[in-house]
Amino acid sequence: MPALTTLSDRLDGASRAWTLLVALAVYGFFLATVMPGQAEDSRAYAGDWGGPDRHLFYTPDELYTHIPRWPEAGRRDYIEFRLGWDIGWALAYTAFLVISTSLALRRAFPPGHPQRRLNLATLVPGLLDLAENAVGIVLVANADTRLDALAWLAATLTGAKWITLVLAHLVLLYALVRALRSAAQR
């Protein structure tokens, strides 16, 4: 698909040492400051179960056992975080994965090699995360009304996000190993 090849090439072209440093700094900022605070805030209103996006999988029954009990301020916090900082978080970890994978693939394979397109796999978790957030916002905003079809969609998006996030890290690991092997053969 020419459009995907073009996208892959653009992501590769934007991947530089300095963009990786910026991505690492932003990623580190989120890990050190934003995400721990949000975890604490969420524990205050959502208890040990937390938000639905923290689980690999859940059912609508599990979801509706918990979110209707959240106080109004907790629901508002969940929604506001997903409309703000959580978008930044998805962009931060996606940028880190895309840039680091693109740089490693560049060192592992020559220009035009099909495996250089593996950098596209690192986009998927972030896209699923954003879709999951959109559906989660609707569910939490309407927590007193059961929307089972939407709850199943949210659970599916959440599971897919976590699975593809693991796969994206495996692609990064593969790219790093191939880059090291390529460097050792020179």
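Shown above is the structure to which this text applies.
Scoring rules and cut-offs
- Residues numbered from 1 in each chain as written.
- Predicted model: local features only at pLDDT ≥ 70, side-chain atom pairs only at ≥ 80, totals over all residues.
- Heavy atoms only, no water.
- 1 Å grid on protein atoms, 1.4 Å probe; cavity = no way out; pocket = protein on both sides within 12 Å on 5 of 7 lines; lining within 4 Å.
- Points joined across faces, edges and corners; volume = space filled by probe spheres on them.
- Helix = DSSP H or I, 4+ residues; strand = E, 2+ residues; numbered from the N terminus.
- Nonpolar A, V, L, I, M, F, W, Y, C, P; charged D, E, K, R; others polar.
- Salt bridge = Lys/Arg side-chain N within 4 Å of Asp/Glu carboxyl O.
- Buried < 20%, exposed > 50% of the residue type's maximum accessible area, 1.4 Å probe, protein only.
- Patch = residues over 30% accessible without salt bridge, like charges linked within 9 Å, V, L, I, M, F, W, Y side chains within 5 Å.
- Areas by Shrake-Rupley, 256 points an atom, 1.4 Å probe, with all protein chains shown as cover.
- Axes fitted to C-alpha atoms, helices over the stretch in contact; angles between N-to-C directions.
- Parallel < 35°, antiparallel > 145°, perpendicular 65-115°, else oblique.
- Left-handed = near helix turned anticlockwise from the far one by under 90°.
- Contact = heavy atoms within 4.5 Å.

> What exactly am I supposed to notice about empty space enclosed by the protein here?
Empty space among the atoms can be located by rolling a probe the size of a water molecule over them. As enumerated under the stated definition, the model contains one cavity of 30 Å³ or more in all. In this structure, the largest cavity encloses a volume near 30 Å³. For the largest cavity, the full set of lining residues is Pro52, Asp53, Tyr58, Tyr78, Glu132, Gly136, Ala154 and Thr158. At the level of elements, helix H6 (124–141) and helix H7 (148–185) are the ones that each hand at least two residues to the lining of the largest cavity. Taken together, the residues of the lining of the largest cavity break down into four nonpolar, two polar and two charged.

> Even after reading the chapter, I still don't get the pattern of salt bridges, so can you show me in this structure?
Two side chains that carry opposite charge are able to pair once their charged atoms sit near each other. Applying the stated criterion across every chain yields a total of eight salt bridges. The partner of Asp12 in a salt bridge is Arg106, and the shortest N-O contact between them spans 3.3 Å. Of the two residues, Asp12 sits in helix H1 (residues 2–14) while Arg106 sits in helix H5 (residues 85–108), which places them 94 residues apart along the sequence. A relative accessible area of 15% places Asp12 in the buried class. For Arg106, a relative accessible area of 24% puts it in the partly exposed group. Across the pair Asp12 and Arg116 runs a salt bridge whose closest N-O atoms are separated by 2.9 Å. Taken as a pair, Asp12 in helix H1 and Arg116 in the loop between H5 and H6 lie far apart in primary sequence, 104 residues in all. Across this residue pair, the class does not change: Asp12 and Arg116 are buried. Salt bridges linked by common partners bring Asp12, Arg106 and Arg116 together as one network.

> When you look at the layout of surface pockets in this model, what are you seeing that I'm missing?
There is about 410 Å³ of room inside the largest pocket. As for the largest pocket, its lining consists of 22 residues, of which Met35, Arg54, Asp86, Trp89 and Trp162 are closest to the centre. Every element with two or more residues in the lining of the largest pocket is listed here: helix H2 (17–46), helix H4 (72–83), H5, H6 and H7. Ranked by residues supplied to the lining of the largest pocket, first place goes to H2 with six residues. Residues of the lining of the largest pocket, tallied by class, amount to 11 nonpolar, five polar and six charged. Here the second largest pocket is characterised by a volume of approximately 150 Å³. Taken together, Leu11, Ala90, Leu91, Thr94, Ala95, Val98, Ile99, Leu123, Gly126, Leu127 and Leu130 form the lining of the second largest pocket.

> Honestly, a nonpolar patch on the surface in this entry has me stumped. Any pointers?
Together, Leu56, Phe57, Trp152, Trp162, Ile163, Val166, Leu167, Leu170, Leu173 and Val177 line one region of the surface with nonpolar side chains, adding up to about 970 Å² of accessible area. Mapped onto the fold, Leu173 is located in helix H7.

> For this particular structure, what's the right way to read the packing of H5 against H7?
The description of two helices packed together rests on the angle between their axes and the distance between the axes. At a minimum axis separation of 8 Å, H5 and H7 run at an interaxial angle of 30°. Taken together, the axes of H5 and H7 lie roughly parallel to each other. The interaxial crossing formed by H5 with H7 has left-handed handedness. Listed contacts from H7 to Tyr93, Phe96, Leu97, Ser100, Thr101, Ala104, Leu105, Arg107 and Ala108 of H5 are Lys161, Leu165, Ala168, His169, Val171, Leu172, Ala175, Leu176, Arg178, Ala179 and Ser182. A class-by-class count of the residues in the contact of H5 with H7 yields 13 nonpolar, four polar and three charged.

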